[in-house]
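Structural overview for review
What follows is the residue order along each chain.
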Amino acid sequence: MGMVSKVFMVALLLHAATVGAETSHYAGIKVEPDIKVDFQFYRVFGQDVASVARQIAKQGPAQARGHIGMASYQLSWQLQTRPGVSRCELEQVKVMTRIKVMVPNWMDKARASAAERQKWDALVGAMFDYESRHKDILLESVSLLGIKLVQLPVARDCAALQYQAWQQGQEVLASTSERFTLLQQQTDHGRKLGLVWPKGI
């Protein structure tokens, strides 16, 4: 389908602040966020926005499932541990997020009228605005999860420490899902931002 994929990776190394930390918690733990955003473009054709929208509405799973665009988000984490003499040693925390965004590329847009091009740019701009708000929520969750994981209480057993991390991760995932739902409700799934199909589509 002439799909073009660009991957942007941001790998930042942060150090958790340990000033005033209690001895019952791990100290000096490194947090490594691993953030990747993958933009994929699929081709669409048409003489105006309405005809392009009709084509998009007929697209299958290989494109954006009939939506102008589609985004998926993943959040995961990993603890680097080793058994110690009297406790499980936590050496590093890694928080990973993967964002995949599919957007249409109107191939013959240059042939359309100026009014139609402006209408299309506004529609795509609204889509990016809507998805960007989801991304911001996810990145805030990455930061929050990193903080929670480096503040885990010291555990004698590494399996127990991993379970504590899983519990914290589930809480952050649930909170992220709730914030996504609230955003969708507040924006009417992007319609209040201008993400509105042409009438009759």
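Residues numbered from 1 in each chain as written. Predicted model: local features only at pLDDT ≥ 70, side-chain atom pairs only at ≥ 80, totals over all residues. Heavy atoms only, no water.

Our focus in this paragraph is unusual backbone geometry. Although it is not a glycine, Asp-188 adopts a positive phi angle of roughly 55°. Here Asp-188 shows up in the segment after α3 (158-187). A relative accessible area of 33% means that Asp-188 is categorised as partly exposed. With a phi angle near 55°, His-189 is a residue other than glycine that sits in the positive phi range. Along the chain, His-189 turns up in the segment after α3. Residue class for His-189 comes out partly exposed when judged on its relative accessible area of 46%. (Helix = DSSP H or I, 4+ residues; strand = E, 2+ residues; numbered from the N terminus. Buried < 20%, exposed > 50% of the residue type's maximum accessible area, 1.4 Å probe, protein only.)

Time to look at the environment of Leu-193. Within the secondary structure, Leu-193 sits in the segment after α3. Sequence separation between Leu-193 and Met-127 is 66 residues, and the spatial gap between their C-alpha atoms is 8.2 Å. Setting aside anything within four residues of it in sequence, one finds Leu-193 in contact with Ala-126, Asp-129, Tyr-130, Arg-133 and Thr-187. (Contact = heavy atoms within 4.5 Å.)

A separate point is the confidence of the model for the chain. For the chain, mean pLDDT is 83; residues scoring 70 or higher make up 83% of the total. The element-level mean pLDDT for the chain is lowest in strand β1 (residues 4-11), coming to 28, with α3 highest at 96. (pLDDT = per-residue confidence, 0-100.)

Per the counting criterion, the structure on display carries four aromatic pairs. For the ring pair Tyr-163 and Trp-166, a centre distance of 5.8 Å and an interplane angle of 15° mean the geometry is stacked. Of this pair, Tyr-163 and Trp-166 both sit in helix α3, three residues apart, roughly one helical turn. Given a relative accessible area of 44%, Trp-166 falls into the partly exposed group. (Phe/Tyr/Trp six-rings, centres within 6.5 Å; stacked < 30°, edge-to-face > 60°.)

Moving on, we get to the pairing of strand β4 (residues 70-83). Summarising the sheet, β4 and strand β5 (residues 88-106) pair through 14 bridges and their orientation is antiparallel. Paired with Ala-71 across the two strands is Val-101, which belongs to β5. Between β4 and the antiparallel strand that follows it, β5, lie four residues. (Pairing = 2+ DSSP bridges.)

Moving on to α3. In this model α3 runs 43 Å from its N-terminal to its C-terminal C-alpha over 30 residues, within 8% of the 44 Å that 1.5 Å per residue would give. Among the residues of α3, those classed as buried are Cys-158, Leu-161, Ala-165, Gly-169, Val-172, Thr-176, Phe-180, Leu-183 and Thr-187. Of the surrounding secondary structure, the elements contacted by the buried residues of α3 are β4, β5 and α2 (114-150). (Expected span 1.5 Å × (residues − 1).)

The next thing to look at is the pairing of β5. Both strand β3 (residues 30-44) and β5 contribute to a ladder of 15 bridges, which runs parallel. Paired with Phe-39 across the bridge in β5 is Val-101.

Attention shifts here to the pattern of salt bridges. Applying the stated criterion to the full structure yields nine salt bridges. A salt bridge links Arg-191 to Asp-188; its shortest N-O distance comes to 3.2 Å. Exposure remark for Arg-191: the relative accessible area of 46% places this residue in the partly exposed category. If you follow the salt bridges from partner to partner, you end up with Asp-34, Lys-94 and Arg-98 in one network. (Salt bridge = Lys/Arg side-chain N within 4 Å of Asp/Glu carboxyl O.)

What follows covers the packing of helix α1 (residues 49-57) against α2. Running from N to C, α1 and α2 cross one another at 45°; their axes reach a closest spacing of 9 Å. If you check the angle between α1 and α2, you find them oblique. Along its contact with α1, which presents Val-49, Val-52 and Ile-56, the element α2 presents Glu-116, Lys-119, Trp-120 and Leu-123. Class assignment for the residues of the contact of α1 with α2 results in five nonpolar, no polar and two charged. (Axes fitted to C-alpha atoms, helices over the stretch in contact; angles between N-to-C directions. Parallel < 35°, antiparallel > 145°, perpendicular 65-115°, else oblique. Nonpolar A, V, L, I, M, F, W, Y, C, P; charged D, E, K, R; others polar.)

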